[in-house]
2 protein chains.
Amino acid sequence: MQLKFMKAGIISIGDELLIGQTVNTNTAWLGQELGKFGISVFKSTTIRDVKEDILQTVDAYLNETDFIIVTGGLGPTNDDITKETLTEYFGTSLVLNQQVLDRVTDFFQKRGKEMLDSNIQQAMLPKDALILDNNHGTASGMWFEKNGKVLVSLPGVPYEMEALIQEEVLPRIKATFGVRGNYYQTLMLQGIGESFLAEKIEDWEKRIYRDGLHLAYLPSTGLIKLRLTSEKGTKEAGLVNTYFDELRNGFPQYAYGMNEETIFEAVGELLKSKNATLGTVESCTGGGIASSFIAKSGSSAFFQGGLITYSNVLKNKLAHVSISTLEKYGAVSEEVAKEMAIGGKEVLSADYVIAVTGIAGPEGGSEEKPVGTVWIAIATPDGVFAEHFLFGEHRGRNIEKTELYAANFLRKKILEIED
Amino acid sequence: MQLKFMKAGIISIGDELLIGQTVNTNTAWLGQELGKFGISVFKSTTIRDVKEDILQTVDAYLNETDFIIVTGGLGPTNDDITKETLTEYFGTSLVLNQQVLDRVTDFFQKRGKEMLDSNIQQAMLPKDALILDNNHGTASGMWFEKNGKVLVSLPGVPYEMEALIQEEVLPRIKATFGVRGNYYQTLMLQGIGESFLAEKIEDWEKRIYRDGLHLAYLPSTGLIKLRLTSEKGTKEAGLVNTYFDELRNGFPQYAYGMNEETIFEAVGELLKSKNATLGTVESCTGGGIASSFIAKSGSSAFFQGGLITYSNVLKNKLAHVSISTLEKYGAVSEEVAKEMAIGGKEVLSADYVIAVTGIAGPEGGSEEKPVGTVWIAIATPDGVFAEHFLFGEHRGRNIEKTELYAANFLRKKILEIED
């Protein structure tokens, strides 16, 4: 079967999605992952934990699509009925799966927790389904087949679902349907807006389309992912990479990495490659920059630690910002940001220090320093450098942008890239 | 028509939702808003900008539901075909709406942008539909009626859609169907798993069902939200609150707040109410605890700052953990956690200090101290207390759980709650 013509459908099961307690992020994630394989999701439906609704929707999807992913409704509580309902629909029955029971038992022993009947019930699985091991939870995935069509049932918890897709489902799809798969790469950019980038690469975009490649803009706060796809598979890897090299060389101030790498991972690798160390002195981000750098394991190789100088007292006491500078220029100023970086460099004995001070909002703005005003300073072996930013009104996004712009500012200093 | 029996459906139109470029947040928002009116969304479907798919889905929904909200596909570009398709489906025709044309023209003049033919086309609207003014964009909303059922078509841009729902759609629904809303509250719990909670409150659950209330478990990493709903509206507010008081009193160690409040917000309010200050000394969470506390504005009223002592050198230099303690017990130990908290209390001059040290993984585990081992210490005006935790294998979740358990540990100490 030519997979590029394969129609996939997604069924999300759970009252919480329809009453709006939970935003359904699984559908978008699945759309992206399946898209990489050349499988297009043509429809997605969210339904309640109601037997009739599940039966009716599954039946309709098996008529309309070739491959169906069902997420949710596999928990141990009574309101979860997906497993029982699918078992009935596919005319099979639940039997104890010893291997799964052992894994679930082990799962609880490792955590020193007692196991409940409801957990043991999770080892009762459909006889005629292929059971997919869930190493991150107690609900197994199930692979059903009917008239050459495949329905996969997975837990709705994103990290459990994602691991099962990557480790169990996609490899089997590849094997079952002989997928060639598209070849794609994603270029990560920080520090430029979607429409501005679109304008700068208009001509480049025309050329990639002429060469039959597909481009997707995947913007998020402070970042853009550009995904370039060839339907001809790896034989066009060279072409895709040449086009991205062109952007990397043309826009080194924005293009920091590839394929889901975070700006913090990219800077971390850069520091490791130089055997250089990093410290942070944070005010408005309150530790968010440091926590972003340690999100990836191995960060202890370069990250020393940091100071969270939220109060002015601690800006002086911990980072040795002089009282007079604080009084004269105010906590959110170039001078204070620089003194924070210099003070941090000596206290944390790191080669590089990031210091940030700003008004995240919504309170605290003024005529002269509105909400969104941020000063970022970087202390390097060569000196200290500061930059002024004016972000928006939204506290959360102001904090997130400060973290991203600070990391990219450091990256540009290490690589000596001018804007 | 009794609105409590009214079934609503949501149809989201747009390729970008299915290829995963955009996460569909409209469905969750609509589910919450309609739920407040006692309108339950029983199904939601996302489809491509394809005529046949739109016709087929709209037709199915008009058979299955009483009230349908369609979002997306109303832009000026060629790929947007929702308006033309619905106009055809409802057997009417597009006519120029002078009022809308004037508004769109004005919209562009205000922004000093030239108007394109495609924008003028947006003033061509179905003759037999009620036109809903969009004051935030150029795409109007459309209210169609057929056999006593209502279908509303709205733009997909969240803030345009939300304004149209609040200003145009909900008032008309109220008038048309005479709505009485559901009453619901959400109880927030930390420190217990879904299945364990379900077992503890089995009997309580039986009673709330007997009283005709609805319960939803909404678990996420380290947290559970319990949502209790009455279809009889605010007249059962007392009943709902009495049932939750019972859980709050029965499980004060887990039940920390209501309605989407985070554990960090709850602890922050608690500290403010006592005019007490907080500091943090973080190793494995690398600043994540502090950044969670400052996520809400107003945190400067209690949060002083923190130390991120990622390296042992800094545990000693910044938090004054003695070298001998580090050598004798290792960085991840009760003794080091306690010395971090004590040192932090004096350096940060805060009333309460949270200190955490652990092995987030995936590297760094040992037989004696496996990945997921965490020590949390709390320094209070009365002394210092430490607790041992063993979480899982996943670095990100180990960090997240450490943050949540640390906040709740502090909360229990402030309120003198025993486990």
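The model shown is predicted, which means the values in this text are computed figures rather than measured ones.

### A few points about the UniProt feature "domain: MoaB/Mog" (unreviewed entry) in chain A
Look at the UniProt record and you will see "domain: MoaB/Mog" (unreviewed entry) annotated at residues 9-175 of chain A. Between the first and last C-alpha atoms of residues 9-175 of chain A the distance is 20 Å; the span itself is 44% helix and 23% strand.

### What to know about the sheet that holds strand β9 (residues 183-190) of chain B
All names here are of chain B. Strand order in the open sheet formed by 4 strands is β10-β11-β9-β12, and the pairing between neighbours is antiparallel. Taken across any chain shown, the strands that pair with only one partner, and hence form the sheet edges, are β10 (214-220) and β12 (255-258). Looking at each pair of strands side by side, their axes are set apart by 25 degrees on average, direction ignored. Sheet topology note: the β9/strand β11 (residues 223-230) ladder contains 8 bridges and is antiparallel. Its bridge partner lying in β11, Q185 is registered against L228. Across the sheet, helix α16 (residues 395-415) is in contact with β9, β11 and β12; its angle to β9 comes to roughly 95 degrees.

### Observations concerning the side chain of T27 of chain B
Positionally, T27 of chain B belongs in helix α2 (residues 26-36). Within the local environment of T27 of chain B, its side chain forms a polar contact with the side chain of N24 of chain B, the two groups lying 3.1 Å apart. Residues contacting T27 of chain B, with those up to four places away along its chain left out, are L17 of chain A together with I10, S12 and S44 of chain B.

### Here's the deal with the pattern of salt bridges
Counted by the stated rule, this structure contains 29 salt bridges over all chains. For R103 of chain A, the salt bridge is made with D133 of chain A, and the minimal N-O distance between the two is 3.7 Å. Taken as a pair, R103 of chain A in helix α5 (residues 98-110) and D133 of chain A in the loop between β6 (130-132) and β7 (141-146) lie far apart in primary sequence, 30 residues in all. For E168 of chain B, the salt bridge identified is with R172 of chain B, shortest N-O distance 2.8 Å. Remark: R172 of chain B and E168 of chain B occur in helix α7 (residues 158-177); sequence separation between them is 4 residues, near one turn of the helix. Its relative accessible area of 16% is what places E168 of chain B among the buried residues. A relative accessible area of 27% means that R172 of chain B is categorised as partly exposed.

So, how was this worked out
Residues numbered from 1 in each chain as written. Chains lettered and ligands numbered in written order. Predicted model: local features only at pLDDT ≥ 70, side-chain atom pairs only at ≥ 80, totals over all residues. Heavy atoms only, no water. UniProt positions renumbered as here; feature names shortened; annotations may be inferred. Helix = DSSP H or I, 4+ residues; strand = E, 2+ residues; numbered from the N terminus. Pairing = 2+ DSSP bridges. Axes fitted to C-alpha atoms, helices over the stretch in contact; angles between N-to-C directions. Contact = heavy atoms within 4.5 Å. Polar contact = N/O pair within 3.5 Å; in protein donor to acceptor, adjacent residues only side chain to side chain. Salt bridge = Lys/Arg side-chain N within 4 Å of Asp/Glu carboxyl O. Buried < 20%, exposed > 50% of the residue type's maximum accessible area, 1.4 Å probe, protein only.

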